[in-house]
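Close look at the chain arrangement
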Amino acid sequence: MPDRAPQPVDRQLPTDEARDLISLVRDIAQREIAPKAAEEEDAGRFPREVFTLLSESGLLGLPYDSEYGGGDQPYEVYLQVLEELAAVRLTVGLGVSVHTLSSYALAAYGTKQQQVEHLPAMLGGGLLGAYCLSEPSSGSDAASLRTRAVRDGDDWVITGTKAWITHGGIADFYTVMARTGEEGPRGITAFLVPGDAAGLSAAAPEKKMGMKGSPTAQVHFDGVRIRDERRIGDEGQGFAIALSALDSGRLGIAACAIGVAQAALDEAVTYATERRQFGKPIADFQGLRFMLADMATQIEAGRALYLAAARLRDAGRPFAKQAAMAKLHCTDTAMRVTTDAVQILGGYGYTADFPAERFMREAKVLQIVEGTNQIQRMVIARHLAGPEGR
Ligand SMILES: Cc1cc2nc3c(=O)[nH]c(=O)nc-3n(C[C@H](O)[C@H](O)[C@H](O)COP(=O)(O)OP(=O)(O)OC[C@H]3O[C@@H](n4cnc5c(N)ncnc54)[C@H](O)[C@@H]3O)c2cc1C
């Protein structure tokens, strides 16, 4: 055992209920997720049974209304749950974040009737969601998407291909942004498509650098017919809904990033206090002590930033700028910290015998998803200096 084994993060939580929730999550994480994380990531296996357990434990709808099966938790608490899950396995933490993102459109913009009909199963009934905005030719420029939904009597017929869809091919429901009108952001509408709809199919999952257990796939819509009752919000409102979902989703990515970074720091501290060179633990060398100190400081700053943004959201105040800052800072922090963790483990850090290399591969994707970090900078700058080209 190292002299100073890393302790669980000492979290500031607003209620006893939130403290119990974190204890429950730590217990599930250690018993059900951690033991198989490395092996299943290697094998590219998605742990569906973990998501079923999370749903049964009330952990798949935390920030939503309990009237519809949610957990009534503030974002400040929900995000710390995500951080704990991502620290043991990003496939699970990010999966919960994407599921929450996928449920957002209906929870925030659906009619009462839609919410009563669909939300309980989505938030606590074992279903798994996917969020379909990106396409092969439209990533950062999401408003140029081409998937079309054409009105046919009381139905809509959706045709096109979505790309990079987390849970593509295994999701029970897909929140889909499709073009119903003019070019650009005002011609897009949101729909809730069931996973077993005729004409919906998924390609083989992408072969990714990391997070291999999380299926990411193209999803094809080949004349998928759905009733108008599954349109979310008004015609033409879909892009605004998609962006609003992403403001909250980015906070989830930020929290996951801090979880991965914290796991890498814990690994580095454990290793550095055990490994001896030149007759003493390598943690005694100032060169490494300063690295550990910088890593820990960046993580604390990231956690404080995402929590500050979450508390604004919980108070009903604008938080989009702070969410973009949190996503940018926390994911860049995760990349730096995980890279430094590999360095601290030396040659062993570069092998699959230790989790540091997995954390480094996982961190990279967080700088890309839900708006690359270049796009986050554009969002922040727009809040500071207004839109470009005025
Ligand atoms: C593992 C994974 C899971 C994902 N899950 C989902 C999902 O569930 N649902 C979904 O809809 N999408 C998902 N995505 C897609 C993700 O959101 C996009 O990959 C991302 O938005 C970037 O789009 P792109 O890959 O097309 O890159 P591009 O937009 O082509 O960008 C390429 C490069 O150009 C830069 N760039 C582009 N425009 C600008 C600009 N104006 N200024 C400066 N730089 C710019 C980008 O930052 C990037 O570095 C996922 C992606 C991955 C890798």
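What counts and how
- Residues numbered from 1 in each chain as written.
- Predicted model: local features only at pLDDT ≥ 70, side-chain atom pairs only at ≥ 80, totals over all residues.
- Heavy atoms only, no water.
- Near = heavy atom within 4 Å.
- Areas by Shrake-Rupley, 256 points an atom, 1.4 Å probe, with all protein chains shown as cover.
- Helix = DSSP H or I, 4+ residues; strand = E, 2+ residues; numbered from the N terminus.
- Nonpolar A, V, L, I, M, F, W, Y, C, P; charged D, E, K, R; others polar.
- Salt bridge = Lys/Arg side-chain N within 4 Å of Asp/Glu carboxyl O.
- Buried < 20%, exposed > 50% of the residue type's maximum accessible area, 1.4 Å probe, protein only.
- Domains from an automatic or database assignment.
- Contact = heavy atoms within 4.5 Å.
- Buried area = accessible area lost by both parts, 1.4 Å probe.
- Core = buried A, V, L, I, M, F, W, Y, C linked by side-chain atoms within 4.5 Å.
- Expected span 1.5 Å × (residues − 1).
- Bend = angle between axes of the 7 residues up to and from the residue.
- Phe/Tyr/Trp six-rings, centres within 6.5 Å; stacked < 30°, edge-to-face > 60°.
- Pairing = 2+ DSSP bridges.

Some thoughts on the site of the ligand
The immediate surroundings of the ligand are formed by 17 residues, with S134, S140, W164, T372 and Q374 found nearest. Here the ligand loses 66% of its free accessible area of 980 Å² to cover by the protein chains. Counting only elements with at least two residues in the shell around the ligand, the list comes to β3 (155-166) and α11 (373-385). Of all the elements, β3 adds the most residues to the shell around the ligand, at 3 residues. By residue class, the composition of the shell around the ligand is 8 nonpolar, 7 polar and 2 charged.

Topic: the pattern of salt bridges
A complete count under the given rule lists 26 salt bridges for this structure. Two residues, D172 and R48, come together in a salt bridge whose shortest N-O distance is 2.9 Å. In this pair, D172 sits in the loop between β3 and β4 (173-179) while R48 sits in helix α2 (residues 48-56), placing the two residues 124 residues apart along the sequence. Given a relative accessible area of 29%, D172 falls into the partly exposed group. Judged by its relative accessible area of 26%, R48 falls in the partly exposed class. Between E357 and R361 there is a salt bridge, with its nearest N and O atoms 2.8 Å apart. Of this pair, E357 and R361 both sit in helix α10 (residues 356-366), 4 residues apart, which is roughly one turn of that helix. For R361, a relative accessible area of 24% puts it in the partly exposed group. Each of the salt bridges in this network shares a partner with another, and the network as a whole consists of R11, R26, E83, E84, E300 and R303.

Remarks on the domain arrangement of the protein
When its domains are assigned, the protein resolves into domain 1 (16-124), domain 2 (129-238) and domain 3 (240-385). Taking only C-alpha atoms into account, the centre of domain 2 sits 30 Å from that of domain 3. Every contact between the two is made by 13 residues of domain 2 and, on the other side, 11 residues of domain 3. Taken together, the two surfaces of domain 2 and domain 3 that pack against each other cover about 900 Å², and 71% of this comes from carbon and sulfur. The three residues of domain 2 that bury the most area against domain 3 are Y131, M209 and M211, which together make up 44% of that side's buried surface. At the boundary of domain 2 with domain 3, the tally comes to 0 salt bridges. Of the residues belonging to the side of domain 2 that touches domain 3, the class tally is 7 nonpolar, 5 polar and 1 charged.

Some points on the environment of A149
The residue A149 is located in strand β2 (residues 148-152) in this model. Judged by relative accessible area, A149 falls into the buried class, the value being 4%. Between the C-alpha atoms of A149 and A190, which are 41 residues apart in sequence, the distance is 9.6 Å. Not counting chain neighbours up to four residues away, the residues in contact with A149 comprise W156, V157, I158, A178, R179, T180 and F191.

Regarding the nonpolar core
Counting 72 residues, the largest nonpolar core has L54, L79, L85, L90, L251, M295 and Y306 as the members making the most contacts within it. Going through the elements one at a time, α1 (16-43), α2, α3 (75-88), α4 (90-109), α6 (238-274), α7 (286-314), α8 (320-344) and α10 are the ones with two or more residues in this core. Top element by residues in this core is α6. It accounts for 15 residues. Sequence-distant contacts of L54, that is, excluding residues within four places in its chain, are made with I28, L59, L60, L85, V92 and V96. In this structure, L106, A142, L145 and I188 belong to the second largest nonpolar core, which totals 25 residues.

Regarding α4
Between the first and last C-alpha of α4 there are 29 Å, a value that for 20 residues agrees with the 28 Å anticipated at 1.5 Å per step. Of all the bends found along α4, the most pronounced is centred on S103 and spans about 35°. Of all 20 residues in α4, 17 are buried, a share of seventy percent or more.

What about the packing of aromatic side chains?
Applying the stated criterion across every chain, the model contains 8 aromatic pairs. With a centroid separation of 5.0 Å and an interplanar angle of 65°, the aromatic rings of Y75 and Y78 are classed as edge-to-face. Taken together, the residues span about one helical turn, with Y75 and Y78 both in helix α3 at a distance of 3 residues. Y75 sits in the buried class, given a relative accessible area of 4%. Using a relative accessible area of 2% as the deciding quantity, one classes Y78 as buried. With 5.6 Å between their ring centres and 90° between their planes, Y271 and F354 make a pair best called edge-to-face. Note that Y271 is positioned in helix α6 and F354 in the loop between α9 (346-349) and α10, a separation of 83 residues in sequence. Overall, Y271 belongs to the buried group, its relative accessible area being 10%.

Focus: the pairing of strand β7 (residues 216-227)
Note: β3 against β7, 10 bridges, orientation antiparallel. Bridged to K162 within β7 is V219. Bridging between strand β6 (residues 200-202) and β7 involves 3 bridges; their strand directions are antiparallel. Each residue of the ladder has a partner; that of L200, found in β7, is F221.

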